Amino acid sequence: GPLASDSHLLGYEELAVPPGRYDVRVALTESTATVGGVAGRNSLALPGGDSLYLSDVVLGREGGGLVWLDQGERIPLNPLDAWYGDQSVELFYETDGLVPGRAYHTTIAIDPVGGKGHGVRLQFDATATAIHQRVRRSLGLASLGRGQYRLTVRLSEAGRDGGMRRERLITVLGPTAPGGPAPDP
């Protein structure tokens, strides 16, 4: 049936494609095809060699109702890119071109857009156990105020400059989700 005016349409489609660089377009139309829209992304790169690669970062929220089932794993999604401060951002990304036994440095940062306020930063080194690795992390948002933030994941060989970087914009809506605990006065 039709969606109510305050509803959101959520979903995903998975396509198996070989390594390469792709321009992606998605068209959504009303069943009568009188109304629609197109969204796209240019130059989406999928790994295919032995150079260091960092996938796009998939952001989710546990209990949000939408999950991506991939290789038997339930990866939470949040296509609205909005959370409350009492929630955590669930991150999923893949790395490729790693050298097993070599150390890699990762930084995950959430910084306010416009530079006002403070952010959150997590840094760690990990030794690669395989050429391709799937990574899940969770970052709490309790220390962040209401507003828009840039979430950045950086991956490089430990002790080296360069590497790969991916960014996403997220929004913190307020201190607590509706029905959550009341904020401290």
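I will try to describe carefully the structure that is included in this document.

Criteria and thresholds
- Residues numbered from 1 in each chain as written.
- Predicted model: local features only at pLDDT ≥ 70, side-chain atom pairs only at ≥ 80, totals over all residues.
- Heavy atoms only, no water.
- Helix = DSSP H or I, 4+ residues; strand = E, 2+ residues; numbered from the N terminus.
- Buried < 20%, exposed > 50% of the residue type's maximum accessible area, 1.4 Å probe, protein only.
- Contact = heavy atoms within 4.5 Å.
- Areas by Shrake-Rupley, 256 points an atom, 1.4 Å probe, with all protein chains shown as cover.
- Phe/Tyr/Trp six-rings, centres within 6.5 Å; stacked < 30°, edge-to-face > 60°.
- Lys NZ or Arg CZ within 6 Å of the ring centre and 35° of its normal.
- Patch = residues over 30% accessible without salt bridge, like charges linked within 9 Å, V, L, I, M, F, W, Y side chains within 5 Å.
- Salt bridge = Lys/Arg side-chain N within 4 Å of Asp/Glu carboxyl O.
- Polar contact = N/O pair within 3.5 Å; in protein donor to acceptor, adjacent residues only side chain to side chain.
- Core = buried A, V, L, I, M, F, W, Y, C linked by side-chain atoms within 4.5 Å.
- Pairing = 2+ DSSP bridges.

### Quick notes on the overall build of the protein
Helix and strand counts for the protein stand at 0 helices and 13 strands. Looking at the protein as a whole, 29% of its 185 residues are labelled buried. Partitioning the contacts of the protein with sequence separation of at least 6, the portion at a separation of at least 24 is 64%. Summed over its atoms, the accessible surface of the protein is roughly 11,700 Å², and 52% of this surface lies on carbon and sulfur atoms.

### Considerations on the packing of aromatic side chains
What the rule picks out here adds up to 1 aromatic pair. Taking 5.7 Å as the distance between ring centres and 85° as the angle between the ring planes, the aromatic pair formed by Trp-68 and Phe-92 counts as edge-to-face. With Trp-68 in strand E5 (residues 67-70) and Phe-92 in strand E8 (residues 88-96), the pair connects residues that are 24 residues apart, well separated along the chain. Of the two residues, Trp-68 and Phe-92, both sit in the buried class. The ring of Phe-124 has Arg-137 sitting right over it, with the charged end atom 4.2 Å from the ring centre.

### Let's talk about a nonpolar patch on the surface
A contiguous nonpolar surface patch, about 240 Å² in accessible area, is contributed by Val-24, Val-26 and Leu-28. Within the element layout of this structure, Val-26 appears in strand E1 (residues 20-29).

### What to know about the pattern of salt bridges
Pairs may arise between side chains of opposite charge once their charged atoms sit close together. Within this structure, the stated rule accounts for 12 salt bridges. For Glu-73, the salt bridge goes to Arg-134, with nearest N and O atoms at 2.8 Å. Placement of Glu-73 in strand E6 (residues 73-76) and of Arg-134 in strand E11 (residues 133-140) is noted, with a sequence separation of 61 residues between them. Its relative accessible area of 23% is what places Glu-73 among the partly exposed residues. Connected through shared salt-bridge partners, Glu-62, Asp-70, Glu-73, Glu-94, Arg-134 and Arg-136 make up one network.

### So, the side chain of Ser-55
On the secondary structure map, Ser-55 appears in the loop between strand E3 (53-54) and strand E4 (58-60). The class of Ser-55 is buried, set by a relative accessible area of 11%. A polar atom in the side chain of Ser-55 sits 2.8 Å from the backbone nitrogen of Glu-94. When near neighbours in sequence (up to four residues on either side) are disregarded, Ser-55 contacts Tyr-93, Glu-94 and Arg-166.

### Thoughts on the nonpolar core
Leu-91 and Ile-110 are the most contacted members of the largest nonpolar core, which totals 24 residues. Every element with two or more residues in this core is listed here: E8, strand E9 (103-112), strand E10 (120-127), E11, strand E12 (147-157) and strand E13 (164-172). With 4 residues, E12 is the single largest residue contributor to this core. Ranked by size, the runner-up nonpolar core spans 5 residues in total, among them Leu-66, Ile-75, Leu-77 and Phe-92.

### Let's talk about the sheet that holds E9
Within the open sheet, the 5 strands sit side by side as E7-E13-E12-E9-E10. Their pairing is mixed. The strands lining the two open edges of the sheet, one partner per strand, are strand E7 (82-83) and E10. The sheet contact formed by E12 and E13 spans 9 bridges and is antiparallel. Within the sheet, the bridge partner assigned to Leu-151 lies in E13 and is Arg-168.

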